[in-house]
Every structure is written in structure tokens, then in C-alpha cells.
Amino acid sequence: MLGFGIALEPLNLALVIFGCALGLFIGAMPGLGSVNGVAILLPMTFLVPPTGAIIFLAAIYYGAMYGGAISSIMLGIPGASTAVATTFDGRPLALAGKADQALITAAGASFIGGTVSVVLFTLFAPPLAEVALAFGSAEEFALMMLAFATFIGLGGDDIPKTLFSICIGLVLSAVGLDIISGEPRLIFGGLPGFFHGINFLVLAIGIYGIGEMLWTIESSSDGVKVSQASFGVGRIVLHLKGLKNTLKTTLMGSLLGYFVGILPAAGATPGSIMAYGMAKTMSKDPDSFGKGNIEGVAAPESANNAASTGSMLPMLTLGIPGSPTTAILLGGMVIWGLEPGPMLFVEHQDFVWALIASLYVANLAAMLINLAFIPAFIAILRTPFTILAPIIFVLCLVGGYAPTQSLHDIWLMLIFGVVGYLMRKLDYPLAPAVLAIVLGPLAETSMRQALIMSDGSLMIFFERPISGTIMGIAIVLFVLPAAKIYRSSIARKNN
Amino acid sequence: MRRAELVMALALGVLSAYLMVKSAELPIGWIPREGPGGGAFPFWLSAGMLVCCVLIVLRWVLRQSPVSRSAELYFNPAARGTVMIVIIALTLMIGSIHIIGIYFAIPLFLLYYVRVIGRHNWLLSLGVSISAPVISFFFFEIALHITLPKGYSEPLFYPLYDIFL
């Protein structure tokens, strides 16, 4: 109740509604997603108190999950990677003249996914935080290893590229002054800009802002067609009633999305793709998937909303982000003096419950705004990309400059954007790098502290029961994909 | 695509080796009572990057990764020119911020993009180009008190500071 009291304060309520509307817009724009949206708008939150700031950013995250479906369905281009699976059936439905059904089902399924996950979040967060209070530096480091191992486990068969991405993110986080000795390290060319380190926002906006826009410019060069859709209260009610036909798929997507979202480093994109795959597998008519099956919209949309809430659980309770967006949120919380982790539940209870309550409010607000303004969002999507693109580039630049106020960082952002774009074309996953740069300082500190305690013995990570268990799971996640590749290459040779 | 995969892996391998050398400027071994040296963390991670690059090249030779088997072009020919022009325009814009400041660099970039690349009419191009820096000024300088770089154009803003700050 304390949380709802704070979340419903006029300023916070206004921030939730504004954040949801902005998030919907960001999610709907090709090239903009929750990661770069939250990263670019982070400086804007300096205007309001920390609780309002995180509520605002969380509302953007939520809104973006709803908004991603709009361009997936209407343009056939995912508004964000989290809405990729929505295009598989959403676009064929739109081309068949059923865009309204797809959009309304997406909104309804997102609402159910969001609601289920917030309830689960409320139940799981306090006990998990209580367990995490017993964590020391060895356990913290083991958790980081688990986060990185999850990427390897979920990252497909190109393990070297995923591992490279994690390592480079961690190395970039080490640029600047050594946290223990205070000596400068990795100061390239003696440039003074490197002394303050590389801000995580510079990498995030570079990769997800500039890099993503370059990618979108290339992939939309053939031109895109905005589908037609007709809306009215009657149709909205009709399609919302139709949600009961997809309820089983939606609930399954919600639960799957939530638990995938909880996994450190997994996030909404794998959650939605897995939910789509599961809906197809369990369907009586799997052949209709990809050709315009409404369950193919309900499953990923419920899952990506549920995963976005799920990914906040490890961030708040353990200090480990569950997705690239929560990595940015975590970085923001550190800037505002709110250290994520179990102590947050002890020292800043009011903040935690206000955030949880605001998620309930944001979920409802995002659905209502979405349904009310779908025609407006479609109209915005008709704005030529050659007007939106340069404006987004300018937003990236200014958003990247504001936190550190260094032109050096703007150059770095451009370099990261271009290199990230070139790497992405070759299937290098880049989300691990963003997570790694955020977690890097904590990973290094906890590793060095643990090693000092053990006088250099690595066994400290395996002897303690909690860190030993977490490390065991991490090692299994590291080894499993490699073993799978080895087995399949042996099978290929035998054939 | 296949050649690009190799070139990228080799370039990143060289970067990894450079990072190893650079990290080794600080101690990378064990220091009694202090733990691992300041360079150890980035050094061993850079070594990990180098190993990854070797593995990527190995998979390229064995044609194991999807990209190493792909016959597709690395750049979509229809969009290559536009992407290159955008990167050059962004570079010039950031470079010019040092001299003419962000409030003149942004409108020039927007004008070029909207008018030349987008081929929109002059009225729309000028509208977008002028409104963006005006909004940025009021949002960042007035509301957030974040000063954006102005280069040699700084004196032009003194009267505005007097009015709004």
C-alpha cells in the first residue's frame, strides 16, 4: 500500500503516463527500442527525484514493449528486437486486412503478460532479496559468471563471438583508473578523455542508437509499406473478447517470458522467441504459424512484457541486470545513489515498493494509451524515415553527450556505433558487451576482493556453498553448448 | 560475407593483442598482500578475446559458422552508398562541433540529411533543421542546466544566457 501511495502521487503518476506514452512511441519507431530509448532519455530524469526517475524509465521500458508490436505489424519491421517474433504472424495478418485484430490482440496479450509477471514479481522479490543478503564478494562474482554463462547458453552456436563480446565489454569497463591501486590503465594515446573511463551509456547509445539506425537504413532501403487498419470502440471490444480464444497461449507465454526474463542476461528477446516456438509446437495447427495465426501474435507479445518485468527481479534483488535495458536502469540507479542489490530492500523499501506499484499502474496505463492512440501511432509511422532518422541521430548525440559532457565520448560513441554495426552484420551478439561494461567494475572488484581473502586461491569460488552452486550452474551453461556443437560435428562426420 | 568474416576476425585479433600489450603496462601478476595487479583483469580478458578470434578464424577455415558459409554480399548494394554518406555526414557533424558548436552543426546536418538525402522540400527541411537546436537549447541549457559545446560560437549565446539563465 505504501508503494501505491508513492506511485499514485501526482508527479509519479504523471511520469508513469508520460513514460508509457513515450515508450510506446519509442517502441513503435524502427531503429529505436527500449535500450536506446532509456539510454538517450536518462539525462532527462535528472529533473526529477530518483524514485520518479526510475519509475519514468521503467514506464518507458514497459511502453516500448507494447509499442514494438505496432511497427512489426504495420510495417513488417520490428520496432525493437523484442518484437521480432511478432512480425512472423502479425505482418501476414496485417497484409490479410486483419491489422486491427493483430494490434488489439497484441495489446491485450501484453496486458495479461504484464499483469501476471508483476504479481509473480511481487511474490518473488522480497524472499530472493533476503537470500541475497548473505552474499559476499565470492557469491557476487559467481553471479556475474552466471550472467555471462547464460549468454553463452542462450547465444546459439557461435560461442566464440558471444564470448568475445563479453570480454570486450569487460575490458572497456576497465579503462580509466584502476579501482584498487588508482593507477591509470588503458589510456589510449594518452588522451585525457580516457581517464574518467568509458561510460556505459556511450557504448549503449553507440551500439543501440547509431549502430541500430545504420542497420535500419540498410535494411529498409527497399522502402516499406504501411498497412491499413480501421479502428472503433466496437472493433476494440470485439477483438478484446476474442482474447479468450488465445488465453491458454497468452498465459503460457506470460509464464515462460517471466522465467526467461529472470535469467540473468536473457531478457525479452529470447523470451518472446521461445514463447513463439512453444506456441507453435503446442498448437493443433502448427502449419498456420507464419501465415497469420493470431496465437503467433499473442504468445510473443505476452512473453516480452512478462520478461521485461522478470528482468527487473535479478536487477533489484541481486544487482545483476536481466536484459540490456535493465543494465542501463542499473547504471542509472547507481548514478542516483541507489545501489541495486539486496540492501536496497532494507535501506530503500519505499523506493522498491513504489517501483513495483508503478509497474501495475504502468501496465494498465500502457494498454489504455496503446488502444486509444493506435491510429495516432500509425499516422506517425507514416512520417518518412528520412526525417525520423536524422532526428534520432541527433538525439543519440545529445543524449550521449549529456551524462559526461565530453566531446571525446561523442567520438567514441560514433566509433562504437559504426564498429558495432559492422560486427552485427557478421552475427556478433552485442547485448553481452553492454551488460559486461555495466557489470565490469563490480565483477573486477568482487573477484579481486575474493582473491585477496583467499590469498590467490580460486577455490574460494567453489568451496562456499552458494557461490559453489552458482559457479557449478555457470560451468554447465558454459560447457553444454560446446558439447552440443562437438556432438553435432561428430554426427556430421559420421554421416 | 565470407571475406568480411575473416577480415573482421583478424582486425579484432590485432586489437586484442594491442589491448594485452597496453594492459601489461601495469602489473599483471600476483602482488603480495595486494592481490592481482591492476593490469591482470584486462590482460587476461584481452587474451580471452585473442583466443576467441583464433577460434573464429578456425571456424571460418572449417566453414562452421553460418556467415563463413554465406554467399551473400557484406553490404546491400542498394544501401551501401547511403550508409557511407550517413557515416561521413555524422563524422563531419561531430568534427564541426569543435569549431562552430553543436547549435550550428546540428542544423547543418539535419538540413543536409532531410533536403539532400531525403529530398524533401525546403520548407520542411528548414523547419526540422531550425526547430531541433531551439528545442535542444531550451531543454538542455535552460531546463537541465547542461551546457552543450558551442566552440567558437559561444559569444553569440551570451545574450540568451542573460535572458533565460
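In case you missed it, the structure is sitting above this.
Calculation rules
- Throughout, residues of each chain are indexed from 1 in the direction in which the sequence is written.
- Think of it this way: whatever chain is written first is A, whatever ligand is written first is 1, and the rest follow in order.
- Restriction of local features to residues with pLDDT of at least 70 applies here, the model being predicted, together with a cutoff of 80 or more for giving and counting side-chain atom pairs; totals for whole chains, interfaces and linings are based on all residues.
- Only hydrogens and water are removed before side-chain values are computed, so all heavy atoms of the structure are retained for them.
- Strands here mean DSSP runs of E at least two residues long; helices mean DSSP runs of H or I at least four residues long; both are numbered from the N terminus.
- Burial classes: relative accessible area under 20% of the type maximum marks a residue as buried, over 50% as exposed, and values in between as partly exposed (1.4 Å probe, protein chains only).
- A contact between two residues is defined here by any heavy atoms of the two lying within 4.5 Å.
- Charge assignment: positive for Lys and Arg, negative for Asp and Glu; neither His nor the chain ends contribute.
- Every charge is mapped to an atom, namely NZ of Lys, CZ of Arg, CG of Asp or CD of Glu.
- Two parts placed together each lose some accessible area; with a 1.4 Å probe, that loss summed over both constitutes the buried area.
- Salt bridges, as used here, are contacts in which a Lys or Arg side-chain nitrogen is within 4 Å of a carboxyl oxygen on Asp or Glu.
- The method works on a 1 Å grid over the protein atoms by themselves. A cavity is a set of points holding a 1.4 Å probe that cannot get out, a pocket is an open set with protein on both sides within 12 Å along at least five of seven lines, and residues with an atom within 4 Å of a point line them.
- Grid points are joined across faces, edges and corners, and a volume is the space filled by probe spheres set on the points.
- Side-chain classes follow a simple rule in which Ala, Val, Leu, Ile, Met, Phe, Trp, Tyr, Cys and Pro form the nonpolar group, Asp, Glu, Lys and Arg form the charged group, and the remainder, Gly included, forms the polar group.
- Each residue after the first adds 1.5 Å to the expected span of a helix.
- Bending is quantified residue by residue as the angle between axes fitted to the seven-residue window ending at that residue and the seven-residue window starting at it.
- In protein, a polar contact means a hydrogen-donor-capable atom and an acceptor-capable atom, both N or O and within 3.5 Å, with residues adjacent in sequence counting only if both atoms are side-chain atoms; elsewhere, any N or O pair within 3.5 Å suffices.
- A residue counts toward a patch only above 30% relative accessible area and without a salt bridge, and it is joined to like-charged neighbours within 9 Å or, for Val, Leu, Ile, Met, Phe, Trp and Tyr, to nonpolar neighbours within 5 Å.
- Methods summary: accessible areas were calculated by the Shrake-Rupley approach with a probe of 1.4 Å, and residue burial reflects only the protein chains presented.
- Convention adopted: a line fitted to C-alpha atoms gives each axis, helices being fitted over their contacting stretch, and angles between N-to-C directions are expressed from 0 to 180 degrees.
- Put simply, angles under 35 degrees are roughly parallel, angles over 145 are roughly antiparallel, angles from 65 to 115 are roughly perpendicular, and the rest are oblique.
- Crossing handedness: left-handed means the near helix sits turned counterclockwise from the far one by under a right angle, and right-handed means the same turn made clockwise.

### Some details on the overall build of chain A
Logical step 1: If you tally the helices and strands in chain A, you get 22 helices and two strands.
Logical step 2: Across its three principal axes, chain A shows a C-alpha extent of roughly 70 × 60 × 50 Å.
Logical step 3: The buried share of chain A, taken over its 495 residues, is 62%.
Logical step 4: Restricting the contact set of chain A to residue pairs at least 6 apart, pairs at least 24 apart contribute 79%.
Logical step 5: The distance from the centre of the 21 positive side-chain charges to the centre of the 25 negative ones in chain A is 16 Å.

### Focus: the interface of chain A and chain B
Logical step 1: At the junction of the two partners, chain A supplies 60 residues and chain B supplies 67 residues.
Logical step 2: For the pair chain A and chain B, the two sides together bury roughly 5800 Å², of which 79% comes from carbon and sulfur.
Logical step 3: Area buried by chain A at its contact with chain B is led by Phe164, Trp411 and Leu426 of chain A, which between them contribute 10% of it.
Logical step 4: Scanning the region where chain A abuts chain B turns up two salt bridges.
Logical step 5: Residue Glu5 of chain B is joined to Lys161 of chain A by a salt bridge in which the shortest nitrogen-to-oxygen separation is 2.9 Å.

### Re the pattern of salt bridges
Logical step 1: Tallied over the entire structure, the rule returns twelve salt bridges over all chains.
Logical step 2: Between Asp158 of chain A and Lys161 of chain A there is a salt bridge whose closest N-O contact spans 3.3 Å.
Logical step 3: The residue Lys150 of chain B makes a salt bridge to Glu141 of chain B at a minimum N-O spacing of 3.0 Å.
Logical step 4: Residue class for Lys150 of chain B comes out buried when judged on its relative accessible area of 2%.
Logical step 5: By relative accessible area, which is 4% here, Glu141 of chain B ends up buried.
Logical step 6: Overlapping salt bridges bring together Asp158 and Lys161 of chain A together with Glu5 and Arg59 of chain B as one network.

### Some details on the layout of surface pockets
Residues and elements named next belong to chain A.
Logical step 1: Taken as a whole, the second largest pocket holds about 810 Å³ of empty space.
Logical step 2: The wall of the second largest pocket is formed by 42 residues, among which Val334, Glu339, Val438, Pro441 and Leu442 lie closest to the centre.
Logical step 3: Listing elements by their share of the lining of the second largest pocket, those giving two or more residues are helix H7 (137–154), helix H8 (159–173), strand S1 (176–177), helix H15 (324–335), helix H16 (344–347) and helix H20 (431–453).
Logical step 4: Considered class by class, the residues forming the lining of the second largest pocket number 27 nonpolar, ten polar and five charged.

### Here's the deal with helix H9 (residues 200–219) of chain A
All names here are of chain A.
Logical step 1: Between its first and last C-alpha atoms H9 spans 27 Å; for 20 residues at 1.5 Å apiece the expected length is 28 Å, and the two agree.
Logical step 2: At Gly206, H9 shows its maximal bend, which comes to roughly 30°.
Logical step 3: When you tally the buried positions in H9, you get 18 out of 20 residues, the bulk of the element.
Logical step 4: The N-cap residue of H9 is Asn199: its side-chain oxygen and the backbone nitrogen of Leu201 are 2.8 Å apart.

### A few points about the environment of Ser136 of chain B
All names here are of chain B.
Logical step 1: Mapped onto the elements of the fold, Ser136 is located in helix H6 (residues 122–143).
Logical step 2: Residue classification places Ser136 among the buried residues on the basis of a relative accessible area of 10%.
Logical step 3: Excluding its chain neighbours within four sequence positions, the residues that come into contact with Ser136 are Tyr103 and Glu141.
Logical step 4: Side-chain polar atoms of Ser136 contact the backbone oxygen of Ala132, separated by 2.8 Å.

### So, unusual backbone geometry
Logical step 1: Located in the positive-phi region is Asp427 of chain A, a residue other than glycine, with phi close to 70°.
Logical step 2: Positionally, Asp427 of chain A belongs in the loop between helix H19 (407–424) and H20.
Logical step 3: Phi angles above zero are rare outside glycine, and Arg119 of chain B is one such case at about 55°.
Logical step 4: Locating Arg119 of chain B in the fold gives a position in the loop between helix H5 (102–117) and H6.

### Concerning a nonpolar patch on the surface
Residue and element names in this part refer to chain B.
Logical step 1: A contiguous nonpolar surface patch, about 790 Å² in accessible area, is contributed by Trp122, Leu126, Ile130, Val134, Phe138, Ile163, Phe164 and Leu165.
Logical step 2: The set of elements that each furnish at least two residues to the nonpolar patch consists of H6 and helix H7 (158–164).
Logical step 3: Counting residues per element, the nonpolar patch draws most heavily on H6, which supplies five residues.
Logical step 4: In this fold, Trp122 is placed in helix H6.
Logical step 5: With relative accessibility at 48%, the residue Trp122 sits in the partly exposed group.

### Some thoughts on the packing of H5 of chain B against H6 of chain B
Residues and elements named next belong to chain B.
Logical step 1: In the contact formed by H5 and H6, the axes pass within 8 Å of each other and the chain directions differ by 150°. On the basis of the axis angle, H5 is roughly antiparallel to H6. Our pair here, H5 against H6, has a crossing hand that is right-handed. Side by side, H5 and H6 meet where Tyr103, Ile106, Pro107, Leu110, Leu111, Val114 and Arg115 of the first sit next to Trp122, Ser125, Leu126, Val128, Ser129, Ala132, Pro133, Ser136, Phe137 and Glu141 of the second.
Logical step 2: A per-class count over the contact of H5 with H6 returns twelve nonpolar, three polar and two charged.

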